[in-house]
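Structural overview
Read off the chains here:
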Amino acid sequence: MKKRFISFILLSAIAVSTMLIFTSCGKKSDNEIYFLNFKPEIAEKYEEISKTYEAITGIKVKFSTAAANTYEQTLKSEIAKKDAPTIFQINGPIGYETWKNYCADLTDTQLYSILSDKTLAIKGEDGKVYGIPYVIEAYGIICNLSKFDEYFALTNRQTEINSFEEITDFYSLRTVVEDMTLHLDELSIKGVFGSTSLLSGEDWRWQTHLANIPFYLEAKEQNYNVGTGVEEFKFTHNVKMKNLFDLYINNSVTERSLLGSKSVSDSMAEFALGQCAMIQNGNWAWAQIKDVSGNTVKESDVRFLPLYNGGSDDSDMGLCIGTENYICINKNASEEDQKRAADFLYWLYSSTDGKKFVTEQLEFLTPFNTFNADETPSDPLAKEINRWLSDTEKVSVPWHFVAFPGTSFKNDFGSALLRYAQGSITWEDVVNTVKTRWKEETAKAR
Amino acid sequence: MKLRNTACIVFLVFLSVLFLAPIFIVLMNSFKGQFYITDAPFVLPSKETFAGITNYLNGIKKTDFIGAFFRSLFITVVSVFAILLFSSMAAWYMARKDDKLSKIIYYSFIISMTVPFQMVMFTMSKTANTLGLETPIGITVLYLGFGAGLSVFMFSGFIKSIPKQLEEAAAIDGCGPIKTFFSVIFPILRPTAITVSILNAMWIWNDYLLPYLVIGNEYKTIPIAVQYLQGGYGSRDMGALMAMLVLAIIPIVIFYLISQKYIIKGVIAGAVKG
Amino acid sequence: MYKRFSRYFPIFVLPILAAFIISFAVPFVMGIYLSFCDFTTVSDARFIGLENYKEAFGESFTHSLWYTALFSLASVITVNLAAFFLARLLTRGFKGTNFFRTVFFMPNLIGGIVLGYIWQIIINGILRYYGVDITFYEAYGFLGLLVLTNWQLIGYMMIIYVAGLQNIPGELREAAAIDGATASMELKHITLPLVMPSITVCTFLTLTNTFKLFDQNLALTAGAPNRRSAMLALDIYNTFYGGVGSEGVGQAKAVIFTLILGAIALLQLYLTKRRERDV
């Protein structure tokens, strides 16, 4: 009895003391900065960078990654904490409005000094720099040329168009796509386009990237100042979005009613496995496509097409080029940590080791002048971007969707598109949802 | 009559198959390539679709499942131990003291049982942060607080049925309250203690939102790891998800088969009192 | 009994009381206060009176309120009927009763997130044959959650009913049989009244469990389509963490949610007390 009594006392003492000990520590060490990463697909690569950087400077960079579609939510809970992120990112002017109380002035940082085009940075009302883009990305329609070659070799095709080069606007694209759909078996594909992934959280290719087209056209006409947010989106060019969206869902690998269970990786895999000829996505997709086991797409067969949509300037259109990744430093971090964060970022984008990581591991095209022409990623989509950029007659479409109001607008937009695809609502309903939700969310933010 | 019994048994067997089917479907799909799952979940893996243990390897790597398993285990064991010890002590003291303060505390504990977690989730994560409880150890303090209601309630119910003479005898022998509690009372509480541990273990092991909000970003437990796998900007891996579901179920099934008798007893006791 | 028993308060009660205050009491009181405030973090709260409550009763909340209430009602009925029926079968003294009990109870131990994904793959697999998936109608999410909840809770409630049924003295039934009572008369006049306590317990357990459902909802549908299948707990969570600026509304919704669950608990207490008095 006595023994048991003693052991209980001991155990409880241990329990209490460990609780006290552990709760009082667990704080970050002094030589540590905290980077809240946005891109889960490269989370592992950041770990390597962290190790290298610690070996060189003794400064530990702790990387933490939010799961898809939860960045804002994670940032929100993390930034209120004591050990808040030192480095975080915002997605553009709208993000800046939300997080401006946390963004430090970056005007005098070395990172800003190496930014090639200073207009790309996010500036506050005071003209100071608060967010610096760190990657340049482009999206469009990714094509597998071999499927087109097979198609153009068909003797029973019914189009006037005879080569891939002749696809220069929406109408030529649609003609080819619709005729390809009639020859699925001969082309050994299941659909012309990969599945339009409308699973919740997997719908960003449509509710932001594709929706950028009508917004861009409207902003151009109406001279919107996209940088400060737009109060009302009239969605006058919605038909152009519908043109492409309908083309995608009606000529797809998957029946339109089943698109709600498809994820982005499903459609990337369809493309990689040669089950479709085209998908809409950006240059970041190559990493994913090439990693699919059984990948049949040759690097030399990969082409980008702009999002031809039936507008009058289709044939002058280039890819959608821009960024939604702006790096910020937390103003509330200690001076020392802010300095460390700036040093780390400068190292990453200017030193030989850092740049090697950026081009080879992260596979970023960067907006910094420290990168030479040969220091770009060697993947086929990056090459395609350079090809389109070098054609001076083509006008690149900027990423205006960064001015879309918050996550909940985008999610509602996405589910409206899903319900449209499923046939439960009309396109009119989608348009109305977009217009009303836009107004509601902008009103809330003000 | 006999015919009816046979019919009943056939029915029960059929039902059992139905009950176990979901688990088998997940098990089966965990061996298929990730792109063959959503399209045909009820088809057995074929030569073309069989993926071996790739899904398991991928999933374990992506989610750090081993780490998550040990974190879940650690948090559950430490929390349950703390709840067991401190709630039984508090229940005994309050039942015997029975003054106004004890009553107030006791009823606050009881009321907390009915309050949904959403009521306190935001403010609780803030207090946890202020106090630096965002570690696998710190979170056990939170579990101690949240587990207090049911556990104190159950211990109290039992303690009130223990005759005071036992303690009085011990007191006459010169035992102080601490010694009396641990040498006389605590051993008698064994059956309730088992119930309390099982109910709390089941809840803490499977809990998602509390650890997600408090430590989820840095220390993932099993439910968080499974949920994390779901989102991954355009890299949702169904195969790995299936494999992790299987791995998440295995420890539970093993635990259940070993301690089935206690679990079922505990659940009955917990339900009748709660 | 002991001299200066109060001196032992710090040892016996303080540890758990401290934990309780940290994790529950303080956040609870803060939560009530914050529901009348506009805030993004605790430190920048600004008192705005009842604004949050006015805003709380928006479309999404009332919809989820109805959705949850209907879902709970449907669950209470289906789960309890099935569980009671199974319990009757298992108390007939068949061989293998233990095996069946083991099987039926097992799903209860699996956590909500895992359950949600298990059923997502199955339900989508079935719906595929009809060319749709669970995101198609909110009704699919509803039925999906109902199937899931039944799978999870039937075994649990069955165990409680079995215990209740086993408490009925065998002589009572025998006596009834000798008096020529039919099976349905026996059920109505002997079994049902005697397992009434179990029925109350199970009804309220199902009710509170389904009202608070979160993990399963998050994993199975995450509210799709368009948050139409989001139950109360998920709706509150979305309000809090879905965007910046609506934390106060989320907290107000949480207070209302608390009141609803409080009312359910009081009702249960009242019914239990009344029965005790009657007996």
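Things to note about the interface of chain A and chain C
Taken together, the contact between chain A and chain C spans 21 residues of the former and 18 residues of the latter. Going through the elements one at a time, helix H3 (71-79) and helix H17 (407-422) of chain A are the ones with two or more residues in the side of chain A that touches chain C. The element that contributes the greatest number of residues to the side of chain A that touches chain C is H17(A), accounting for eight residues. Residues belonging to the side of chain A that touches chain C are distributed by class as follows: five nonpolar, eleven polar and five charged.

Focus: the nonpolar core
Counting 296 residues, the largest nonpolar core has Met244(B) and Leu245(B) as its most contacted members. At 16 residues, the largest contribution of residues to this core is made by helix H3 (residues 65-97) of chain B. Not counting residues up to four positions away in its chain, the partners in contact with Leu245(B) are Val26(B), Val226(B), Val114(C), Tyr117(C) and Ile118(C). The next biggest cluster of nonpolar side chains, apart from the first, holds five residues, and it includes Met30(C), Leu34(C), Phe39(C) and Val42(C).

Describing the interface of chain C and chain B
Note on interface size: it is often stated as the accessible area lost on association of the parts. At the junction of the two partners, chain C supplies 69 residues and chain B supplies 70 residues. Of all the elements, helix H2 (residues 14-34) of chain C adds the most residues to the side of chain C that touches chain B, at 15 residues. Partitioning the side of chain C that touches chain B into residue classes produces 56 nonpolar, ten polar and three charged.

Details of the domain arrangement of chain C
All names here are of chain C. The domain boundaries assigned to chain C delineate domain 1 (5-51) and domain 2 (57-278). Contact residues are listed per partner, giving eight residues for domain 1 and eight residues for domain 2. Of all the secondary structure elements, the ones that give two or more residues to the side of domain 1 that touches domain 2 are H2 and strand S1 (37-38). Considering every element that reaches the side of domain 1 that touches domain 2, the biggest residue donor is H2, with three residues.

A few points about the pairing of strand S7 (residues 278-282) of chain A
Here is the key point about a regular strand: its side chains alternate between the two faces of the sheet. All names here are of chain A. Counting buried positions along S7 gives five out of five residues, so the element sits mostly inside the fold. Burial of the side chains of S7 extends over both faces: Met278, Gln280 and Gly282 are buried on one face and Ile279 and Asn281 on the other. Two strands pair when backbone bridges link them, and strand S6 (residues 137-144) and S7 are joined in this way by five bridges, in the antiparallel orientation. In the strand pairing of S7, isoleucine 141 is matched with glutamine 280.

Observations concerning the environment of Arg92(C)
Residue and element names in this part refer to chain C. Position of arginine 92 relative to the elements: it lies in the loop between helix H4 (59-90) and helix H5 (97-105). Given 11 C-beta atoms within a 10 Å radius, arginine 92 is considered exposed. Remark: the alpha-carbon pair of arginine 92 and leucine 143, spanning 51 residues in sequence, is separated by 32 Å.

Cut-offs applied
- Residues numbered from 1 in each chain as written.
- Chains lettered and ligands numbered in written order.
- Predicted model: local features only at pLDDT ≥ 70, side-chain atom pairs only at ≥ 80, totals over all residues.
- Contact = placed C-beta atoms within 7 Å.
- Helix = DSSP H or I, 4+ residues; strand = E, 2+ residues; numbered from the N terminus.
- Nonpolar A, V, L, I, M, F, W, Y, C, P; charged D, E, K, R; others polar.
- Core = buried A, V, L, I, M, F, W, Y, C linked by C-beta atoms within 7 Å.
- Buried ≥ 20, exposed ≤ 12 C-beta atoms within 10 Å, placed from the backbone.
- Domains from an automatic or database assignment.
- Pairing = 2+ DSSP bridges.

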